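# Coordinates in review
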Amino acid sequence: MPKEVRSHHFLVAGLALSVLLWMVQAAQAQESTRTQSAGPEEVIVTGSRLRQPDIDTSNPTVSINAQSIELAGTTNLTDYLTNQPALIGSMDSTRTSGSAVSSGSRGLNLLNLRNLGIQRTLVLVDGRRHVAQLPQTAAVDIGTIPIDLVERVDIATGGVSAVYGADAVSGVVNFIMKKNFEGLAVRSQYGQHAASGSSKPANWHVAVTAGTNFADGRGNFSAAVEHTREGRLKAADRDYLRGTKYRRLQRNPDDTNDDPNVPDEIPLNNLRYFDSSREGSIDIDFDRVPDLRPNGAPYEITRFIPPFYTQGGTGTLIADYIGDLRAQTENTVTSAFAHYQLADSVNLFGEAKYAHSNVFSAIQPTYDYYIYLPQDNPFIPASIRSLIDPDLGGIRVNRDNFDLGVRAEDNTRDTWRTVVGLDGDISPGLRYEVSYVYGQTEVESISINNRFNDRFFAALDAITDPSTGQPVCRSNLDPSSLLAPYQGFAFGRYGPGELSFTPGANSGCLPLNILGEGVANPAAVEWVMTDGRTTSKLTQHVISGFVSGDLPYVELPGGGIAVVVGAEWRRETSRSTPPAENQAGLTFNNVLFPTRGDFDVKEVFTEVRLPVLKDRPFADLLQLTGALRFSDYTTIGNTTTWNLGATWAPLLDVTFRGTLAQSVRAPNIEELFDPQGETFQAIADPCDATRLNNGSSYRAANCATILSALGIDPATYRDMNSAYISGVQHGNAALSEETAKSWTVGAVFRPGFFRGLAVSVDLYDLKIKDAINRPEAQTLADSCIDQPNLDNVFCAGLTRDPVDGRINSFVLQPENVASFRTRGVDFNINYQFRPTGLGTFSFVLAGNYLSKLTFIDTPDADVEDNRTTKYSPKWQNTLGLTWAASPVKIHYGFNYFSKTKRYSLVNLAGDPDLASPDNIEFNARSTHDVQVAVDLVGGVNLYAGVNNITNQKPDLDTIYPVSPVGRFLYMGAKFNLANNLGSPSE
């Protein structure tokens, strides 16, 4: 950043803060009550710090009130918010459980606006930032936001980075909390999943809120505590995912010649891994195809399903590897709010919150391929030993180690957040606010049933003790022979001399038998296995202040010019320390290293509202708005964001609005500072001869070039690797910011002749260039050969075995190479009417039509169309119908989105017969909910309901398009002695 520009920014920030301090001192000297600058109809709406009626805003914003959330019957805010069209791609607890996500993120609830990524969605609480719960990111766990204290949720999807700063590229989700609470409120709810299965995990929620005014109403203090428990849901709890019933689309074994009239993939059940089993599969001739079971019986491959599976036979059921569908989660959130009027124009306010969560989720067991057991291993049955080829000297074993313990993750997260500030009126038309936010999250992640690889292979290397005739670890008798048969596996990645034990007679090593399920000595298993502890800490400091109001002595025909001038300083830090054994590469889990990163950002910002005309013919209202923010990051230097808006109401009943904006996102700590760590990912090689049509027009030629250079015939190349591939991933300190340009155009209709009706329609278009993207290994492999040429960043991250051509390693790092674009139409209808004597009817419809969602890997790559693919349906809507006639209220909810493609559109274009027409698309989501509530005397309310009444199940082989929890029944009670139900204090 040029020195003169830095000086300019610092000067502006210094002047702004000086003005704020002067205003506080002046306000403390005030002795007379000043009139509020805004009338009661004016509020602070998300998308601006200016007080204004929400109907006058140019930025499209959807507001969801507390009553709507209560009527949904959920105790998890994210479960409800994922029904909102703009948030359909968000990650609730069913998408962050089991093996679906990486370590450390299980059990989190993360919002994703417009399907552009959690890193591009800014979550605010009362317009202020919130500390993250996912290390190295800014991702906020919505489970830490107390649901009973939410007054409303604002979803602003226009360009609001100029108002709130980075991370708001796709928009803002702002949680407005209840304050000024007076009295006592208690709520308890119990719910249970009614789907078939051996287990029906329950949800339980209890909340207590109390508050009181003091000092003759000049102050208020309120506090609340909430506890929520979500029961664990295992795959085995759902019969359609259990054992041989589990079906998934797999390659059609009857379509070896890719007949265009025969689907390439068909639904199959009883699928098993062809080369591994729970008891161990034995390869006698080292041809990488199992021959025997440990009892000497033939190993069965009844119907081979390329490339990795068999239908029926002896191998492990792939259903056993699904893991948990939903983690067991417990959240306790304690909150306190207070404010006190120090003087007529000085209000001191503060907030404090402590959130404690614990998450348990089972994943998968350890697994091993082609373990070498020498022929002198005493656990090899004599019938098998007699078949060993002397030249090979042993056997190879593939095994899924369920009997050694299924790996799991137990995460504990503790979050503290405090807010303190001053606000008030300087004059009837001018107000100020200055605040300090501190947030901290500590995470302890316990990796259960991890494994010491050196101990495991030492225990496998058993021989017969000549003095006792019993099995013994070879290294106990001869420490110099430690792990001799496994030298390449145990030390190839990590270097010599790194052990978790000292070989010899006192090492503690016990021989481990893996030839059969459940035959291992429990003491040997205990010596081999371990639980690892990773600790992380995130902190956030935010100091901000602004002045807002009307400029004195300046007025337009539509009224006074309103402005905001402010400054903000923010510091984010993240530290993670994995277990020492993981850092040394001694365990089954990935090799990981400590992560440390931080950044500061200084910002100055301004907003302006120009009321050009008001109460004129064909101009009931005409106003222009604008916002500008300058930011200086310690990591990337300067950024500039801005937005422009216009609102025109030719008549009182109709308002047209539009925005044009530029937003930026600075790379986060993970993207910049993540050290090189190990990762294991599955890759279906796109150069396999059966997949050459499943990509771009460049794929076949590029694969031919790669394989021919290795002396391999592209026409006959097959990738038979069923194991995960080891690679590395790391950050990229050379990243720069990504930039988004967006526009919205819309209209709001409130016809006077149709009282109670409000309709809004908004078109939006958002394009991100220089987007930061770190692909998964599969995406890396596909993108490499789907580009116009092989000279690209993706091919540079892959290596292949020079002998057989298989991908054997990869490197993943983020780059500023991608671009995204999304376009669509949001529409909302609200209608409320009161027929005489029939109570009140309410109708709420929120919907979206997605017309474009594209992704481009690199500047020269083909456009990848993601519209109508998973979580990107063409049509989405949520509908609520409510009838209330005291003391009864009945609510019906309907959540829908249209069918989506199971395969990418690129793959379908290249190979239209990938599946049958019935399986090309996922089913549409179509769930129905109902709730009945009754008010009793004494402030008691009883309610009960059913969500997903028809028990719609996920589609084949997925937890999509609906949650696997199935039909959900619940009941609850509320007891309210509150005088003030807690509307926001503005």
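Rules used in this analysis
Residues numbered from 1 in each chain as written. Predicted model: local features only at pLDDT ≥ 70, side-chain atom pairs only at ≥ 80, totals over all residues. Heavy atoms only, no water. Helix = DSSP H or I, 4+ residues; strand = E, 2+ residues; numbered from the N terminus. Rg over C-alpha atoms; globule rule 2.2 N^0.38 Å. Buried < 20%, exposed > 50% of the residue type's maximum accessible area, 1.4 Å probe, protein only. Contact = heavy atoms within 4.5 Å. Areas by Shrake-Rupley, 256 points an atom, 1.4 Å probe, with all protein chains shown as cover. Lys, Arg positive; Asp, Glu negative; His and termini not counted. Charge placed at Lys NZ, Arg CZ, Asp CG, Glu CD. Pairing = 2+ DSSP bridges. Patch = residues over 30% accessible without salt bridge, like charges linked within 9 Å, V, L, I, M, F, W, Y side chains within 5 Å. Salt bridge = Lys/Arg side-chain N within 4 Å of Asp/Glu carboxyl O. Phe/Tyr/Trp six-rings, centres within 6.5 Å; stacked < 30°, edge-to-face > 60°. Lys NZ or Arg CZ within 6 Å of the ring centre and 35° of its normal.

### Some words on the overall build of the protein chain
Secondary structure summary: the protein chain contains 15 helices and 48 strands in total. Its C-alpha atoms give the protein chain a radius of gyration of 31 Å, near enough to 30 Å, the size a compact globule of 986 residues would have. Its C-alpha atoms put the protein chain at 100 × 70 × 65 Å along the principal axes. In the protein chain, buried positions account for 56% of the 986 residues. Long-range pairs, those at least 24 residues apart, make up 72% of the contacts in the protein chain between residues at least 6 apart in sequence. Accessible area for the protein chain stands at about 39100 Å²; split by element, carbon and sulfur atoms hold 56% of it. Counting 83 positive and 109 negative side-chain charges, the protein chain places the centres of these two groups 4 Å from one another.

### A look at the pairing of strand β31 (residues 637–651)
The pairing of strand β30 (residues 619–633) with β31 spans 13 bridges and is antiparallel. Paired with Leu-621 across the bridge in β31 is Ala-649. The loop that links β30 with its antiparallel partner β31 comprises three residues. With eight bridges connecting them, β31 and strand β32 (residues 654–665) associate as antiparallel partners. Across the sheet, the residue bridging to Leu-651 is Val-654, located in β32. Hairpin geometry of β31 and β32 is characterised by an intervening segment of two residues between the two adjacent antiparallel strands.

### Some remarks on helix α13 (residues 777–785)
Every α-helical turn comprises 3.6 residues, leaving residues that sit three or four positions apart pointing alike. Restricting attention to buried positions, one finds in α13 the residues Ala-777, Leu-780, Ala-781, Ser-783, Cys-784 and Ile-785. Lining the buried residues of α13 we find β33 (677–681), α12 (699–709), β37 (798–800) and β38 (807–812).

### As for a nonpolar patch on the surface
On the surface, Leu-184, Val-208, Val-225, Phe-975 and Leu-977 cluster together into a nonpolar patch covering about 350 Å² of accessible area. By secondary structure assignment, the location of Val-208 is in strand β9 (residues 202–214). Relative accessible area serves as the criterion here: at 33%, Val-208 is assigned to the partly exposed category.

### Remarks on a negative patch on the surface
On the surface, Asp-285, Asp-287, Asp-389 and Asp-391 cluster together to form a negatively charged patch. With respect to the helices and strands, the residue Asp-389 is situated in the loop between α5 (382–385) and β22 (394–400). On the basis of relative accessibility, which here comes to 33%, the residue Asp-389 falls in the partly exposed class.

### Details of the packing of aromatic side chains
With the rule as written, the count across this model stands at 28 aromatic pairs. Their ring planes at 40 degrees and their centres at 6.4 Å tell us that Tyr-369 and Tyr-370 sit as a pair that is tilted. For Tyr-369, a relative accessible area of 21% corresponds to the partly exposed category. A relative accessible area of 16% means that Tyr-370 is categorised as buried. Site record: aromatic cluster; members linked through ring pairs are Tyr-273, Phe-308, Tyr-309, Tyr-321, Tyr-367, Tyr-369, Tyr-370, Phe-402 and Phe-588. Here the basic side chain of Arg-95 rests over the ring of Tyr-871, its NZ or CZ set 3.9 Å away from the ring centre.

### Observations concerning the sheet that holds strand β6 (residues 150–156)
Each strand in a sheet pairs with another by means of backbone hydrogen bonds, the pair being arranged parallel or else antiparallel. Spatial ordering of the open sheet is given by β3-β6-β7-β4-β5, a layout of five strands whose pairing is mixed. Across the chains shown, the open sheet's two edge strands, defined by having one partner strand only, are β3 (61–65) and β5 (128–129). Direction of pairing for β3 relative to β6: antiparallel, over a ladder of five bridges. Each residue of the ladder has a partner; that of Asn-65, found in β6, is Arg-152.

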